[in-house]
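Chains, contacts and geometry: an overview
Here are the chains, one letter per residue:
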Amino acid sequence: MTQTENTAPELSVPSLKSGAHAVVSAADPLEKSRIAYATAQHWFSKGLGLHRAALDPDMPDRPGRPEKPDLLPPRDMPKRAIGGKAGKIALLHSLAHIELNAVDLTWDMIGRFCRVPMPRSFFDDWVQVGLEEAKHFSMLAKHLNSLDHAYGDLPAHDGLWEAAQSTGHDLLARLAIIPLVLEARGLDITPPMIAKANANGDHGTARILETIYRDEKRHVAFGAKWFRFMCDRHRLKPEPKFHELVRKHFRGPLKPPFNDRARSEAGLTPGFYRPLIKLTG
């Protein structure tokens, strides 16, 4: 099925938490994105409260997923094609899968931690992030369609959701791992991809990556802002606490090169991540 740009449908949920549950539970990626758009629209128009205990379902243990792509352990993923149309399609498919997971990870955080006493602006920020992640997926899926392919045509790895399972009990840990590790990595790797796409004359892909890069910088900034807010609330030193949480919850390596300038502009200064380089050893 061709993925198209989203238009917000009618929404019938009693709260932001229920909307978040509906996003994460939806199996069809297009429907997932549409629900995200609708929930964000109703939230920003003040049409939803945070939660309603008697009506809100618990957040699911796993997100809804379509029958395709086949989800494999990272070690079982086939080697990705490099170069040419096949390489371009493989890259776009991989990015679309990452962005679909980002939709679920963001909305899961919103729904799972809606009872944590936080300013409304916290939820404003993350609903905006959830909206933008849905936009990113839609852009990539539409671009795949223009190449006579679709999300689901290639296998994808099933490791990203582990971050949600590992940090489902701790908002501070979720902020450390999702925006400040996973999204921050996007600040490192996306500029070279943009440069390569432009060098190859693939300006359509480059424009999509430029949008994702711009938005990701803001997402990291939100993460840094609210991580520091919570550390201040609990009288914790942000950098040592970040190091503790990453060592506990993040299984992969933190490795250079880092885009120090973009990270610092987003509020993620080198003292957060450079002491963790030894995780690669």
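The present account deals with the structure reproduced in this document. (Residues numbered from 1 in each chain as written. Predicted model: local features only at pLDDT ≥ 70, side-chain atom pairs only at ≥ 80, totals over all residues. Heavy atoms only, no water.)

Thoughts on the overall build of the protein
We count it as follows: Numbering of helices and strands starts at the N terminus; helices are DSSP runs of H or I of at least 4 residues and strands are runs of E of at least 2. Computation of the radius of gyration draws on C-alpha atoms, with the globule rule given as 2.2 Å multiplied by the number of residues to the power 0.38. Burial classes follow relative accessibility: with a 1.4 Å probe on protein chains only, a residue under 20% of its type's maximum area counts as buried, one over 50% as exposed, and anything between as partly exposed. In what follows, a contact means two residues having at least one pair of non-hydrogen atoms within 4.5 Å. Using a 1.4 Å probe, the Shrake-Rupley method yields the accessible areas, and only the shown protein chains count as cover for residues. For this count, His and the chain ends are skipped, Lys and Arg are scored as positive, and Asp and Glu as negative. The location of each charge is read from NZ of Lys, CZ of Arg, CG of Asp or CD of Glu.
Looking only at helices and strands, the protein has 10 helices and 2 strands in total. Counting from the amino terminus, the protein carries its helices and strands in the arrangement α-α-β-α-α-β-α-α-α-α-α-α. Computed over the C-alpha atoms, the radius of gyration of the protein is 18 Å, within 12% of the 19 Å expected from 2.2 N^0.38 for a compact globule of 281 residues. The buried share of the protein, taken over its 281 residues, is 51%. Across the protein, contacts joining residues at least 24 apart in sequence account for 82% of those joining residues at least 6 apart. Only carbon and sulfur atoms are counted for the fraction: they give 54% of the accessible area of the protein, which is about 12900 Å². A distance of 5 Å separates the average location of the 39 positive side-chain charges in the protein from that of its 33 negative side-chain charges.

Side note on the pattern of salt bridges
Stated formally: For this analysis, a salt bridge means a side-chain nitrogen from Lys or Arg found within 4 Å of a carboxyl oxygen belonging to Asp or Glu.
The full count for this structure, using the stated rule, is 17 salt bridges. A salt bridge links R218 to E132; the nearest nitrogen and oxygen atoms lie 2.5 Å apart. Placement of R218 in helix α7 (residues 203-233) and of E132 in helix α4 (residues 120-146) is noted, with a sequence separation of 86 residues between them. The class of R218 is partly exposed, set by a relative accessible area of 30%. Taking the shortest distance from any N to any O, the salt bridge between D188 and R185 comes out at 3.1 Å. With a gap of 3 residues between them, D188 and R185 both fall in helix α6 (residues 171-199), about one helical turn apart.

Structural notes on the side chain of H143
When you line up the elements, H143 lands in helix α4. The exposure class of H143 is buried, given its relative accessible area of 14%.

Concerning unusual backbone geometry
Cis geometry is found at the peptide bond from K68 to P69, where omega equals 10°. As for its position among the elements, P69 is in the loop between α2 (29-44) and β1 (71-72). The step from P256 to P257 runs through a cis peptide bond, and the omega angle for that step is 5°. The residue K46 is not glycine, and still its phi comes out positive at about 65°. Here K46 lies in the loop between α2 and β1. For K46, a relative accessible area of 59% translates into the label exposed. The backbone phi angle of D148 is positive, close to 65°, even though this residue is not glycine. A relative accessible area of 68% places D148 in the exposed class.

Details of the nonpolar core
Counted only if it meets this: Residues belong to a common nonpolar core when they are buried Ala, Val, Leu, Ile, Met, Phe, Trp, Tyr or Cys residues joined through side-chain atoms within 4.5 Å.
The biggest cluster of nonpolar side chains holds 83 residues, and the ones touching the most others in it are W107, W126, L175, F227 and F242. For this core, the element with the highest residue contribution is α6, accounting for 14 residues. If near-sequence neighbours (up to four positions away) are discounted, F242 is found in contact with A176, L180, V181, F227, F272 and L276.

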